[in-house]
Amino acid sequence: MAGEWTLDFLTVARHDEPPAPDVVVRALTGAGLGEVAYPAAMPPDTGSLATGRQRLGAYALREAQGRATGRITVVRHEQPVLVGMGEAPFTVLTLGLGGDDARTLREGRLALNLRVTVADPAGAAYLGWATRVLLVLLGVTEGAAVDPAAQRCYGRVQLAGLTAATSPTAQVAVHADPWGYEAFWLHTHGVQKMGRPELELVGVPRVFVPEARALLRDLIEQLAGGARLAVGQEVDLEELGRLVALAAPCDVDHEAPFGRRRLVDAPAPGTALGTVATRLLARTVLADAARRAVRGDLPAALEAVERLLGALPEDGAALAYKSELLLRAGQALSALEVGELLELRTPGDARGALTVGRALAALGRAREAERAFTRAIGLDPDDPAAYAARAQARETLGQVGEAASDRARAAYLRE
């Protein structure tokens, strides 16, 4: 059919002899997987002698609603099916498998190749059917499966969990490979099964890896739901900020039929486009800290901020929020130290002086606090928070007229 999409899976049997055809047919039809025909016509097999493979037969499948078709080809190999795979990639591929399943994949010589064909993979509606077919094949062969698109393997336990999963992210693997010092390249395998490009984030600091994984999972959900992601397209994540999708360079092991998109921070006005999404990930960590603080868990909120500062020690927003959390915890002196550090590291950032002023006010040092708020206003004369804070300090100092003027200015700026 025009524009059809095919996807391959591989089952390696534990035994040398294939299951009887009637057993396979009964198992597939009994599982409600649609029509099954055996034997199915096979094209000429001109390469068997040269490649050390012998095709033993084939099954044709049609999903009950006709949305997908499948072909299972039974092949005997003279050598183990995965004989050409090196030890390192085999270890990665079989991560999480039991010993018997890994041994089957390493030693098995009988394969049942499943090729699924659909008119349109978008939305991934066919994947549940394909996964259930694969689970039946593992049952009748006592074997293990390889999912090349997701670059991972399944035993019956893993595959049963996959068939029960409701999120499309279960169909996708996210790999984290080193990228420079204390940073990682996070990239997906398996989004192509939904007719969408694979995703990646580069230069992710180690401490941001959990947030990076969560971000990729959220985007996979959107793509599986029908969203598209073209080169140059912006992704609006509301209060967290925006990302831009770039065409990602890739080697032969990471090519994908629908391309690969590298997600980077949208540039600020007048700045060049970068290659990382560190700024957005940092805001994600801060948002998590704020949620924890709202729940009243200040230690956990502070821990999240410290994690951010471990990667970006001069992040102004993180330093300012750390000082705010310390004030809420009654640690005004520590909050002042953080504010002074922020003002020292980013002398042009009004948040430093504002943070210092708030800490001084909490310590009862109203005169010094007023001077700090005045510095903040000099750096950002349009910030209503600085005027409101200075009004309170001036009121404490008995400067009623000046305090009223500051409050009026703060109210005007908030309108």
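It should be emphasised that the depicted structure is a prediction, and the values quoted were computed from it without experimental measurement.

Asks: Which parts of the structure should I look at to understand the packing of aromatic side chains?
Replies: Two descriptors summarise a pair of aromatic rings, namely the distance from one centre to the other and the angle between the planes of the rings. For the structure on display, the rule yields three aromatic pairs. Aromatic side chains W5 and F258 sit 5.1 Å apart centroid to centroid with 55 degrees between the ring planes, which places their arrangement in the tilted category. Within this pair, whereas W5 is found in strand β1 (residues 5-12), its partner F258 is found in the loop between β12 (242-247) and β13 (260-265), the two being separated by 253 residues in sequence. Taking the relative accessible area as the measure of exposure, F258 reaches 29% and is therefore partly exposed. The side chain of R106 reaches across the aromatic face of F90, ending 3.9 Å from its centre.

Asks: Before we go on, may I ask you to explain the side chain of H187 in this structure?
Replies: The residue H187 is located in strand β9 (residues 183-189) in this model. Reaching out from H187, the side chain makes a polar contact with the side chain of H254 at a distance of 3.4 Å. The contact partners of H187, leaving out residues within four places of it in the chain, are A173, V174, H175, D177, L199, E200, H254 and R260.

Asks: Whenever I open this one, helix α7 (residues 209-224) confuses me. Can you help?
Replies: Think of an α-helix as 3.6 residues a turn; residues three or four steps apart then line up on the same face. End to end, α7 covers 22 Å across 16 residues, agreeing with the expected 22 Å (1.5 Å per residue, within 8%). Turning to α7, its buried residues are V209, E211, A212, L215, L216, L219, I220, L223 and A224. Positive backbone phi, approximately 115 degrees, marks G226, located one or two places after α7.

Asks: Sorry, what's going on with the environment of A247 here?
Replies: Summarising the element assignment, A247 is placed in strand β12. It is 43 Å that separates the C-alpha atoms of A247 and G378, two residues lying 131 residues apart in sequence. Those residues in contact with A247, other than ones at most four positions away along the chain, are V231 and R260.

Asks: Explain the packing of helix α5 (residues 127-141) against helix α6 (residues 156-164) here, please?
Replies: Taken N-terminus to C-terminus, the directions of α5 and α6 make an angle of 155 degrees; their axes are 10 Å apart at the nearest point. With respect to α6, the axis of α5 lies roughly antiparallel. When the axes of α5 and α6 are compared, the crossing they make is left-handed. Packed against α5, whose contacting residues are T131, R132, L134, L135, L138 and G139, the element α6 presents R156, L159, A160, L162 and T163 at the interface. Across the contact of α5 with α6, the residue classes tally to six nonpolar, three polar and two charged.

Cut-offs and rules
- Residues numbered from 1 in each chain as written.
- Predicted model: local features only at pLDDT ≥ 70, side-chain atom pairs only at ≥ 80, totals over all residues.
- Heavy atoms only, no water.
- Phe/Tyr/Trp six-rings, centres within 6.5 Å; stacked < 30°, edge-to-face > 60°.
- Helix = DSSP H or I, 4+ residues; strand = E, 2+ residues; numbered from the N terminus.
- Buried < 20%, exposed > 50% of the residue type's maximum accessible area, 1.4 Å probe, protein only.
- Lys NZ or Arg CZ within 6 Å of the ring centre and 35° of its normal.
- Polar contact = N/O pair within 3.5 Å; in protein donor to acceptor, adjacent residues only side chain to side chain.
- Contact = heavy atoms within 4.5 Å.
- Expected span 1.5 Å × (residues − 1).
- Axes fitted to C-alpha atoms, helices over the stretch in contact; angles between N-to-C directions.
- Parallel < 35°, antiparallel > 145°, perpendicular 65-115°, else oblique.
- Left-handed = near helix turned anticlockwise from the far one by under 90°.
- Nonpolar A, V, L, I, M, F, W, Y, C, P; charged D, E, K, R; others polar.

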